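Chain by chain, the residues:
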Amino acid sequence: MYFLEKISLLGTSEQRDSRIELRRSSFYSTIDLLPQLEHYASTLPHQQARSRPSLEVLRKAFDEVEGGNTNTDPGACDISATDAGSEEAQGSEKKAPARFGWVVGVMVRCMLNIWGVILFLRLSWITSQAGILLTWLIILISVMVTSVTALSISAIATNGRVISGGAYFMISRTLGPEIGGPIGVVFSFANALACALNTVGFAEVARDLMQEFGVVMVDSINDVRIVGVITVTVLLLISLAGMEWESKTQILFFLVLLVSLSNYFVGTFIPPNIEKQAQGIFGYRTEIFLENLTPNWRGNEANFFQMFAIFFPSAIGILSGANISGDLKDPATAIPKGTLMAIFWTTISYLMISVTVASCVVRDASGNMTDILTGNLTDGCVGLGCKMGWNFTDCIQQKNCEYGLANNLKVLGQVSGFYYLITAGVFAASLSSALGFLVSAPKVFQCLCKDNLYPYIGFFAKGYGKNDEPLRAYVLCYIIAVAFILIAELNTIAALISNFFLCSYSLINFSCFHASITNSPGWRPSFHYYSKWTALFGAVISVVLMFLFTWWAALITFCIIFFLFGYINYNKPKVNWGSSVQAGTYNMALSYSVSLTGVEDHVKNFRPQCLVLTGPPNQRPALVDFVGSFTKHISLMICGDIIMEPERQTRPQDATDQLVKWMNKRKVRSFYTPFTAESLRTGARYLMQASGLGKLKPNTLVLGFKSNWRESSPESIEDYINTIYDTFDANFCLCILRMMDGLNISDQFDCEVNQGFELDESAENYDHQSPDRESADDVSDNSNSDQIKTVFQNTQGKKSIDVYWIADDGGLTLLVPYLITRRKHWRNCKIRVFIVGDEQNMDEGRNEMIALLKRFRLHFSDVIVMTDSEKRPQAKNMTRFVDSVAPFRLHDEQQEGITVQELRQREPWKISDKEFEAFKQKKGVVPGLLRIFLAN
């Protein structure tokens, strides 16, 4: 109750604002606020998430209030932040950026990009080649791919907030920067090239129209270049004027297209005159419909997939609305609704136009009004025109017909009620597509530049005005478009563009599939009308179509993607977007870890999985580097940091994150596990029991040698020794690293020393042995500061690793140097094995050891037998030993009337005289010793 009273005092502070009080769950509640968006808004653009106060913060704030410092009340801070935010909101209301709904922002844009020049200039020709049935099949397959992709886009767009960046933002935030970065570059470039292509399409139609009126500026090719450059410049100016002007222009184009299409459908019902009949236009006829129902391939390369490849680029406009997601009022609602509605209406229009034009126009006609038949004379007449009263036999047999579905690309204009309205529709279609791509490319590229995944592109990330317009990216896109317009031959580039867009479709569908299959709790799209299997099908079919359309362009596309992927994968940018790849990695790790639990241990698969008592790893880099040299990419390594109670109070809250960053920067593949305990022994015992997961559990304890044992307190020494005993009791292997210059370098850091690991006596000499080290705090995430370099990071050359295998310890003493020599820094080092023997059987013992090592398949340079192990130690060494252990003896035989147990209760770390005599003969004997000579 006392603690609740504390919080009540904070809640009723005089500096609480009345607006905050109104947001509480009840008028009488003085404890908690209702859940607030600010506490969960870490993903919102240009906003910093506010954190909920912890109990520790509340306690500290209460103490400060009791001490009279009311300025630090957390409620006051919240109010100031809220007031500042409200002022910003009031200021932003005066100049709110333009935002679009689903109709103008998505549906109209997508329809304009789908209704391209292919609709007016190629659909009738494709129908004449493939027939109505196969044309509908081509349309429906294209719609299937785009619809599946639209469903995937809708699912991704409704799974959280979508800001600017469109397809790049969706893919990168779902699959991570490794996949999103390459797609961002390729997709931006493809949009810039698509702008150039549509501009050239407009320029060619404009040139033909000028030639009809006898207007020629230079020649056929240069006229296209001149008109194209002028057109894209005007489109750039419209874009630079802002999204409002661009949107109004697109609406104008949309109205022109509606009028143009209405003009066509009205024209199909107008009875054709003699001139139109001479061009093969006869109105709705059953005979024409049945004749055009089946395919009639013409040309050596005419086939189904060729027609498919020509038609499919008309479907690449479904991302136009998503690409300006930052300019939409509610992207999560607008993108699904607008994209799907655009696909529906454009599909209806494509199907209707293909069947109506194929029901009114024959495939071949001469255009000559003298070819009309008089009477019923049809002898020798060839073609469907004979039934209509026209004889087109000559042009059909000579294959020089200029009119009809198969020969005239402008047949829609001839069928329509007014020819030049169709020309206006072609202009509107090409210009609207060019304008849409000119706007999309800079928006996507700006988002990519803001993420800073690639070098030298941050210059284009800057935005201007209330809509954060990427003016610099606009200019870059304009330059690229002009460069390819001047080429004036874009057939090769057109194949690349189709592949770029198909690649984007494939990755969008795969993003949806991967996010669904990983079962991540964060994958909760509000759009439910999708399936992970249809998304996978869309991804696969998109890749298949890439190779069916143009295999060499598909190879080029994948080469570019893999190159850009490799660059990001190598540099590993410091971004964390919660991608499905991370969720998939977690699932795989969890699945493999669980499956390992059912696998029995085998000696062939033994690995030294090390629990390293490093304390803060940056304070003992030599210990970290030593263990990392034989565990990296091989086995488990856990850096255990036992934190004593006094240090826990002063430990920074982000210490764990900073130490993990330190290990990542040092490229140490290790886990870091801090553990609060009363002593080193207690912490080590609990870590050995609790650390690890299943089979990924430590089996080896590694700690540094306690070189300051002479100056340490008896309790500390007993703690250290008992830790070693506990290690063997837990059936762990044990490694103790001793270096001449010590391990602890905490004197170089402005931080508290971990009391569980006392300073080595020679740590202060480390400065003289490491001239390249830097005195900066290595815990900090300063990429410019060099970390302290240890001997284990240097190339060792042809040095010696001496192994003293003087007791049968199971082979770990031999396995560790073998694993070390697999590293490139130690690859040329020689391994010498020392064993104990007598002079009489020295050769026999050496040969037996050589045979054993060969059976172990371990490479070694020499086996040396030490024959002086049975010699008595010198007197001075015995005296040194006795003097060293004297402070740790009970001397119980010299004390009468007191038992050993009573003495042990007061000083449990001391040994009795009987124990001293028993171990006296084993002085200096260790199970195994690994020694590294640093001299050649």
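Residues numbered from 1 in each chain as written. Predicted model: local features only at pLDDT ≥ 70, side-chain atom pairs only at ≥ 80, totals over all residues. Heavy atoms only, no water.

Observations concerning the overall build of the protein chain
Note the threshold: Helix and strand labels come from DSSP, where a helix needs a run of H or I of at least four residues and a strand needs a run of E of at least two; each type is numbered from the N terminus. A 1.4 Å probe rolled over the protein chains alone gives each residue an accessible area, and that area as a share of the maximum for its type sets the label: buried under 20%, exposed over 50%, partly exposed in between. Any pair of residues with heavy atoms lying within 4.5 Å of one another is described as a contacting pair. The Shrake-Rupley method, run with a 1.4 Å probe sphere, supplies the accessible areas, and residue values consider only the shown protein chains as cover.
Along the protein chain, the regular secondary structure elements total 35 helices and nine strands. Counting over 936 residues, the protein chain shows a buried share of 47%. By sequence separation, contacts in the protein chain at least 24 residues apart represent 77% of the contacts at least 6 residues apart. Of the roughly 47,800 Å² of accessible surface on the protein chain, a fraction of 57% belongs to carbon and sulfur atoms.

Brief notes about the sheet that holds strand β2 (residues 637-643)
Applicable threshold: A strand pair is defined by DSSP finding two or more bridges across the two strands. Axis definition: a line fitted to C-alpha atoms, over the contacting stretch in the case of helices. Angles run 0 to 180 degrees between N-to-C directions.
An order of β3-β2-β1-β4-β5 is seen for the five strands of this open sheet, with the pairing classed as parallel. Each of the sheet's edge strands pairs with one partner strand only, and the pair in question is β3 (671-676) and β5 (733-737). When strand polarity is set aside, the average angle formed by the axes of neighbouring strands in this sheet is 25 degrees. Two strands pair when backbone bridges link them, and β2 and β3 are joined in this way by six bridges, in the parallel orientation.

Describing the state of the cysteines
Structurally, a disulfide amounts to a covalent bond that connects the sulfur atoms of two cysteines. We apply this condition: In this description, a disulfide is simply a cysteine sulfur pair whose atoms lie within 2.5 Å.
Tallying each qualifying case throughout the model produces one disulfide. Note that Cys395 is cross-linked by a disulfide to Cys401, the S-S spacing being 2.1 Å. Handedness here is read from the sign of the S-S torsion; for Cys395 and Cys401, about 80 degrees, the answer is right-handed. Its relative accessible area of 10% is what places Cys401 among the buried residues. Between Cys447, a cysteine without a disulfide, and Cys449, which holds the nearest cysteine sulfur, the sulfur-to-sulfur distance is 9.3 Å. With relative accessibility at 5%, the residue Cys447 sits in the buried group. Distance from the sulfur of Cys735, which forms no disulfide, to the nearest cysteine sulfur (Cys610) is 6.2 Å.

What about the environment of Ala429?
Following the sequence through the fold, Ala429 ends up in helix α19 (residues 419-451). For Ala429, the contacting residues outside a window of four places in its chain are Leu112, Trp115, Gly116, Val117, Phe120 and Leu257.

What about a negative patch on the surface?
Quick reminder of the rule: Within the patch definition used here, like charges are joined within 9 Å and nonpolar side chains (Val, Leu, Ile, Met, Phe, Trp, Tyr) within 5 Å, considering only residues with over 30% relative accessible area and no salt bridge. We count a salt bridge whenever a side-chain nitrogen from Lys or Arg sits within 4 Å of a carboxyl oxygen from Asp or Glu. Note on charges: Lys and Arg go in the positive column, Asp and Glu in the negative column, and His and the chain ends are not counted at all. The atom standing in for a charge is NZ when the residue is Lys, CZ when it is Arg, CG when it is Asp and CD when it is Glu.
Among the surface-exposed residues, Asp838, Glu839, Asp868 and Glu870 lie close enough to one another that they form a single negatively charged patch. Mapped onto the elements, Asp838 comes out in the loop between β7 (830-836) and α32 (842-855).

Topic: the side chain of Ser320
The cut-off we apply is this: For this analysis, a polar contact is any N or O atom pair within 3.5 Å, provided that within protein one partner can donate a hydrogen and the other can accept it, and provided that sequence-adjacent residues contribute only side-chain to side-chain pairs.
For Ser320, the position within the fold is in helix α15 (residues 320-323). A distance of 3.0 Å separates the side chain of Ser320 from the side chain of Asn113, its partner in a polar contact. Within the local environment of Ser320, its side chain forms a polar contact with the backbone oxygen of Gly317, the two atoms lying 3.0 Å apart.

A look at the pairing of strand β8 (residues 862-866)
As a reminder of what qualifies: By the criterion used throughout, a crossover qualifies as right-handed when its path from the first strand across the helix to the second strand runs clockwise, the strands pointing away from the viewer.
Of the two faces of β8, only one is covered, namely that formed by Val863 and Val865; the face formed by Asp862, Ile864 and Met866 stays uncovered. As paired strands, β7 and β8 are joined by five bridges and run parallel to one another. Bridging from a neighbouring strand, Ile835 pairs with Val865 of β8. For the crossover from β7 across α32 to β8, the handedness is right-handed.

Details of unusual backbone geometry
Of note in the backbone geometry, Tyr456 takes a positive phi value of approximately 65 degrees without being a glycine. Following the sequence through the fold, Tyr456 ends up in the loop between α19 and α20 (471-487). Using a relative accessible area of 81% as the deciding quantity, one classes Tyr456 as exposed. The phi torsion at Arg857 lies on the positive side, around 60 degrees, for a residue other than glycine. With respect to the helices and strands, Arg857 occurs in the loop between α32 and β8. Exposure remark for Arg857: the relative accessible area of 67% places this residue in the exposed category.

Points about the packing of aromatic side chains
The condition that has to hold: Any pair of Phe, Tyr and Trp rings, taking the six-membered ring for Trp, is counted once the centres come within 6.5 Å. Such a pair is stacked with planes under 30 degrees apart, edge-to-face with planes over 60 apart, and tilted for the rest. Here, a charge over a ring means that NZ of Lys or CZ of Arg falls within 6 Å of the ring centre while also lying within 35 degrees of the ring normal.
Summed over the entire model, instances satisfying the criterion amount to 32 aromatic pairs. Plain terms: the ring middles of Phe308 and Phe312 are 6.2 Å apart, the flat faces sit at 65 degrees to each other, and that makes the pair edge-to-face. A relative accessible area of 0% means that Phe312 is categorised as buried. Stacked on the ring of Trp245, the Lys or Arg Lys248 has its end atom at 5.5 Å from the ring centre. Across the ring face of Tyr464, the terminal group of Lys462 is positioned such that the distance to the ring centre comes to 5.2 Å.

Quick look at a nonpolar patch on the surface
Taken together, the side chains of Phe547, Trp551, Trp552, Leu555, Ile556 and Ile560 make up a nonpolar region of the molecular surface, amounting to roughly 550 Å² of accessible area. Of all the elements, helix α23 (residues 551-571) adds the most residues to the nonpolar patch, at five residues. Here Phe547 is to be found in helix α22 (residues 532-549).

A word on the pattern of salt bridges
Using the criterion set out here, one finds 12 salt bridges in the structure. Here Arg207 ties to Asp208 by a salt bridge, and the two come within 3.3 Å at their closest N and O atoms. Judged by relative accessible area, Arg207 falls into the buried class, the value being 15%. Owing to a relative accessible area of 25%, Asp208 belongs among the partly exposed residues under this scheme. Between Lys695 and Asp601 there is a salt bridge whose closest N-O contact spans 3.3 Å. With a gap of 94 residues between them, Lys695 in the loop between α28 (680-690) and β4 (700-704) and Asp601 in the loop between α24 (580-596) and β1 (610-613) connect regions that are remote in the sequence. Owing to a relative accessible area of 28%, Lys695 belongs among the partly exposed residues under this scheme.

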